[in-house]
Amino acid sequence: MTATTGSAGGAATRADTGTDTTLEVDNLVVDVLTESGWATVVDGVSFDVRRGETLGIVGESGSGKSVTCLSIAGLMPPRQTRVRADTLRLLDHDLTRLTPKQMSDVRGPTISMIFQEPMSSLNPAFTVGDQIAEVLRRHEGASRRESRRRAVELLDRVGVPSPARRATQYPFEFSGGMRQRVMIAIALACNPDVIVADEPTTALDVTVQAQILELLREIQREHGMSVIFITHDLGVVADVCDRVLVMYAGQSVESAGLDDLFEDPRHPYMEGLLAAMPRMDNPSEALASIPGHPPRVGAMPDGCRFHPRCRYAADACTGGSAPALELVAAHHTTRCLRHAELTLRGNP
Amino acid sequence: MTPSPEPLLSVRDLEVTFSPRKRLFRERVELRAVDGVSFDLTEGETLGLVGESGCGKSTTARGLMRLVEPSGGSVRLEGRELLGLPAKELRSARRDIQMVFQDPYSSLDPSMLVRDSIGEPLDVHVKLGRTERVERVAELLRRVGLPPEYMTRYPHEFSGGQRQRLTIARAIAADPKILVLDEAVSALDVSTQNQVIGLLEELSAQIGLTYLFIAHDLSVVRHISDRVAVMYLGQIVEHGEAARVFDAPAHPYTEALLSAVPVPSPKTQRSRERIVLSGDPPDPSRVPPGCRFHTRCTYAMDVCRTEVPPLTPAQGSGEVACHLHTTGPRLAGASVRTLATRSEVPA
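The residue numbers shown here count from 1 along each chain, following its written sequence. All chains are assigned letters beginning with A, and all ligands numbers beginning with 1, in the order in which they are written. Given that this is a predicted model, residues contribute local features only at a pLDDT of at least 70 and side-chain atom pairs are listed and counted only at 80 or more, while totals for whole chains, interfaces and linings are drawn from all residues. Excluding hydrogens and water, the side-chain values take into account all heavy atoms of the structure.

## Looking at the overall build of chain B
Then step 1. The helix and strand labels rest on DSSP assignments: H or I over at least four residues marks a helix, E over at least two residues marks a strand, and numbering proceeds from the N terminus. For chain B, the count of helices and strands is eleven helices and twelve strands.
Then step 2. Taken over C-alpha atoms, the radius of gyration is set against a globule rule of 2.2 Å times the number of residues to the power 0.38. The C-alpha radius of gyration computed for chain B amounts to 22 Å, which stays within 12% of the reference 20 Å derived for 347 residues, consistent with globular compactness.
Then step 3. When its C-alpha atoms are laid out on the principal axes, chain B stretches across 70 × 55 × 45 Å.
Then step 4. Note on classification: 1.4 Å probe, protein chains only; a residue is buried when its accessible area is under 20% of the maximum for its type, exposed when over 50%, partly exposed between these limits. Taken over 347 residues, chain B has a buried fraction of 56%.
Then step 5. Of the contacts formed within chain B by residues at least 6 apart in sequence, a portion of 62% connects residues at least 24 apart.
Then step 6. Per-residue accessibility takes into account occlusion by the displayed protein chains alone, with areas from the Shrake-Rupley method and a 1.4 Å probe. Summing over all exposed atoms, chain B offers an accessible surface of approximately 14,800 Å²; the carbon and sulfur share of this is 49%.
Then step 7. Neither His nor the chain ends is counted toward charge; the positive residues are Lys and Arg and the negative residues Asp and Glu. Taken as the charge centre is NZ of Lys, CZ of Arg, CG of Asp or CD of Glu, depending on the residue. Each charge sign in chain B was given a centre, from 42 positive and 44 negative side chains, and these centres are 4 Å apart. Whether two residues touch is decided by their heavy atoms; if any such pair falls within 4.5 Å, the residues are in contact.

Take a look at the structure:
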């Protein structure tokens, strides 16, 4: 890929600016326009992503993982979304101040996304090569011929066999795993600083998932980019992430380094998630489940949003505003009032 | 598989063939989605059927229920042959085998009250009076852990987990003996998924239901199954008791499949050996000669490219179809993991 490192920035050149944090998010709030007015779907998410690391974002469906990342990348529909934050910084760009047009220029060379369903993110009417080339032409002003050549190189890099021939084919001619490789090639095209992978392997078979995870690992090692990996599978988290952010009901409730979080969870929700994962290597354990359901948007409980499902909930947890995020150890935060009194069970 | 007690369901050499046109005006190509699948289901047990997409696990289920017409083989339910049964008799036989699908959003009619969705199989198979029907639906709802008042609601008022409970209530309405669960918990969040698995375990203990549990999530399959069968390209390559298959896989495909599942424990995950298979599963319309897995197998030998391996006994329980057990290193049923290195195998 060295040959394709673009002049319009990229991980290598950005490293010179000296900062170690590629993305900084503090108190992100996202409102979305629904039929019954504005609803707050993300309400207080804070995290940062350092250069070259993989941050996992975990949580159940509807916890706001995807909306968080789409908002950061400026990919939510602008008229139906309000994004606010105390800090929202991507490299040296203050994202809260960018217009949609400016954001669109910033996006390609800095942040790109890989989605769960590659079939719906690829245009069925264009060849795969054209779709990669388009990104290069849009963001780097590459010529038609140059962008085609680099599209083939990128396909080769992501492990698509006979890339020159495959570049002339349409998405329907690719298997699910191969389509995901094409998506990764598109995401890589401008050599971004951050790649957001939103459940990129959820729709794939396990053996293909293993191939794609391996590919992402390799690419990250080569380019030193940051990866935000959204998933609900704690096995995948244990396999690829360095640090983890746990989300519940639109809020970040815990964040820590991978081993810390699994060995010593400090939020009852994370303890519950760990206990609920069926383990192939430990089948005799009964499958625990967290009782009840996550709250609906617009019907958030008072106090700690997890309290109606929490086995440790005390009176103090049930009223007032949500507990604040507290630092409980180095690089380990939790949003639980009782964290100091509780001894939670992990899964080292 | 060896029948110990009289099997409830006995499937032999099941074949399902499709003949899609690859292109308009071109010749039809024959695609054998299920190619000689045999297994038994004993009363009260859970058989897990695993494999990757396109391996034929769902088609096996559909074939044995005759939702697609098999092109060969035999399916016996308590000794009675289902293939070739006339439509009317098939309908009564189907009462004993019910199916639950993955997507609870599309398997409930959105315009029908819960009462009628669940009551429908009763109308077909049991024919109850109005009050009896309502009572029976109430009982079914209680059995799947939902309050009976829900019977006058519509499906859109329920969450995914609750809907899956409703489809289970409907599936057990006419007292079937066997439930075929095709990725029944795959679309649910882990916590909800566990609640539904708990319900299934409860039902099997209470009313002695027998399950054919089809899923791609191996952790879930290990948890719920007594026995497991692994499919690759339309055939069963290995089967046996769940603990034996997971702890001592005898087929290289099973070994690779298991190694690909990440374990939710960073320490364990870092220390595990990972076998990353190259390539995608081959196109089922162009099945490789010899062992179907040889194109992706890290142990492939010359014999694998030409000869189809027969099923031979695996150590502990079940059977395996792999030449390593009869030629080459002669594993004779032992786990492939007993091969110290992959280089032990002659190229």
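## Details of unusual backbone geometry
All names here are of chain B.
Then step 1. Positive phi, close to 45°, is recorded for Asp13, a residue that is not glycine.
Then step 2. Tracing the backbone shows Asp13 in strand β1 (residues 9–18).
Then step 3. Judged by relative accessible area, which is 47%, Asp13 ranks as partly exposed.
Then step 4. Residue Leu233 is not a glycine yet carries a positive backbone phi of 45°.
Then step 5. As for its placement among the helices and strands, Leu233 is situated in the loop between β9 (227–232) and β10 (235–241).
Then step 6. Using a relative accessible area of 6% as the deciding quantity, one classes Leu233 as buried.

## Concerning the packing of aromatic side chains
Residues and elements named next belong to chain A.
Then step 1. Within 6.5 Å between ring centres, the rings of Phe, Tyr and Trp (the latter by its six-membered ring) count as paired, and their orientation is classed by plane angle as stacked under 30 degrees, edge-to-face over 60, tilted in between. One pass over the full model with this rule turns up seven aromatic pairs over all chains.
Then step 2. Only when the NZ of Lys or the CZ of Arg is both within 6 Å of the ring centre and within 35 degrees of the ring normal is a charge said to sit over the ring. Its end group placed over the ring of Trp38, Arg82 keeps NZ or CZ at 4.0 Å from the ring centre.
Then step 3. We note Arg166 situated over the ring of Phe174; from NZ or CZ to the ring centre the distance is 4.2 Å.

## A short note on the confidence of the model for chain B
Then step 1. When pLDDT is averaged along chain B, the result is 89; 94% of the residues meet or exceed 70.
Then step 2. The complex prediction reports pTM at 0.87, with the ipTM value standing at 0.83. One number per residue, pLDDT, summarises how confident the predictor is, and it ranges from 0 to 100.

## With respect to the interface of chain B and chain A
When the parts of a complex come together, some accessible area is lost, and that lost area is often used as the size of the interface.
Then step 1. On the chain A side, the residues contacting the 38 residues of chain B number 42 residues.
Then step 2. Taken together, the two surfaces of chain B and chain A that pack against each other cover about 3,500 Å², and 57% of this comes from carbon and sulfur.
Then step 3. Among the ionic pairs, Arg274 of chain B bridges to Asp239 of chain A, the shortest N-O distance being 2.7 Å.
Then step 4. The term polar contact refers here to a pair of N or O atoms within 3.5 Å; inside protein, the definition further demands a hydrogen-donor-capable atom paired with an acceptor-capable atom, and it admits residues adjacent in sequence only when both atoms are side-chain atoms. Seen at the junction of chain B and chain A, the total is 14 residue pairs in polar contact (both at pLDDT 80 or more).
Then step 5. For the side of chain B that touches chain A, the secondary-structure elements that each account for two or more residues are α6 (190–207), α7 (218–224), α9 (252–260) and α10 (266–271) of chain B.
Then step 6. It is α6 of chain B that provides the largest number of residues to the side of chain B that touches chain A, a total of six residues.
Then step 7. Charged means Asp, Glu, Lys or Arg here, nonpolar means Ala, Val, Leu, Ile, Met, Phe, Trp, Tyr, Cys or Pro, and polar covers whatever is left, Gly included. Considering only residue class, the side of chain B that touches chain A consists of 15 nonpolar, 14 polar and nine charged. Buried area: the sum, over both parts, of the accessible surface (1.4 Å probe) that disappears when the two are put together. Each salt bridge in this description consists of a side-chain nitrogen of Lys or Arg and a carboxyl oxygen of Asp or Glu lying within 4 Å of one another.

## Some thoughts on the pairing of strand β9 (residues 226–231) of chain A
Residue and element names in this part refer to chain A.
Then step 1. Among the six residues that make up β9, six are buried, leaving the element largely enclosed by the rest of the structure.
Then step 2. In β9, alternate side chains face the same way, and those of Ser226, Ile228 and Ile230 on one face and Val227, Phe229 and Thr231 on the other are all buried.
Then step 3. The pairing of strand β3 (residues 54–58) with β9 spans five bridges and is classified as parallel. If you follow Val58 over to β9, its bridge partner there is Thr231.
Then step 4. For two strands to count as paired, DSSP must find a minimum of two bridges between them. Pairing analysis gives five bridges linking strand β8 (residues 194–198) to β9, with the strands arranged parallel. Opposite Val194, over in β9, you have Ser226 as the bridge partner.

## Points about helix α4 (residues 130–143) of chain B
All names here are of chain B.
Then step 1. By this rule the span expected of a helix is its residue count minus one, scaled by 1.5 Å. Taking 1.5 Å per residue as the helical rise, α4 with its 14 residues ought to reach 20 Å, and the 20 Å between its terminal C-alpha atoms agrees with that figure.
Then step 2. Among the residues of α4, those classed as buried are Arg133, Arg136, Val137, Ala138, Leu140 and Leu141.
Then step 3. Next to the buried residues of α4 lie α3 (114–125) and α5 (160–171).
Then step 4. Remark: Gly145 follows α4 within two positions and exhibits a positive phi of approximately 80°.

## Remarks on the environment of Asp86 of chain A
All names here are of chain A.
Then step 1. Locating Asp86 in the fold gives a position in the loop between β4 (81–84) and β5 (87–90).
Then step 2. Along the backbone, Asp86 and Thr96 are ten residues apart, and their C-alpha atoms lie at a distance of 9.0 Å.
Then step 3. Residues contacting Asp86, with those up to four places away along its chain left out, are Asp26 and Asn27.
Then step 4. Among the polar contacts listed, one links the side chain of Asp86 to the side chain of Asn27, at a separation of 3.3 Å.

## As for the domain arrangement of chain A
Residues and elements named next belong to chain A.
Then step 1. Domains are outlined according to an automatic or database domain assignment. For chain A, the assigned domains are domain 1 (2–241) and domain 2 (248–334).
Then step 2. Relative to domain 2, the C-alpha centre of domain 1 lies at a distance of 28 Å.
Then step 3. With 18 residues of domain 1 at the interface, the matching set in domain 2 holds 18 residues.
Then step 4. Here domain 1 and domain 2 share an interface that buries about 1,400 Å² over both sides, 60% of which is from carbon and sulfur atoms.
Then step 5. Linking domain 1 with domain 2 are two salt bridges.
Then step 6. With its nearest N and O atoms 2.7 Å apart, the salt bridge here joins Arg305 to Asp43.
Then step 7. Of all the elements in the fold, those that place two or more residues in the side of domain 1 that touches domain 2 are β2 (37–50) and α10 (234–240).
Then step 8. A total of nine residues in the side of domain 1 that touches domain 2 trace back to one element, the largest contributor, which is β2.
Then step 9. When its residues are assigned to classes, the side of domain 1 that touches domain 2 shows eight nonpolar, six polar and four charged.

## Comments concerning the environment of Leu209 of chain B
All names here are of chain B.
Then step 1. Within the secondary structure, Leu209 is located in the loop between α6 and β8 (210–214).
Then step 2. Exposure remark for Leu209: the relative accessible area of 1% places this residue in the buried category.
Then step 3. For the pair Leu209 and Ser117, spaced 92 residues apart in the sequence, the C-alpha separation amounts to 21 Å.
Then step 4. The contacts of Leu209, once residues within four sequence positions are left out, are Gly44, Ile172, Pro176, Lys177, Leu179, Leu203 and Ser204.

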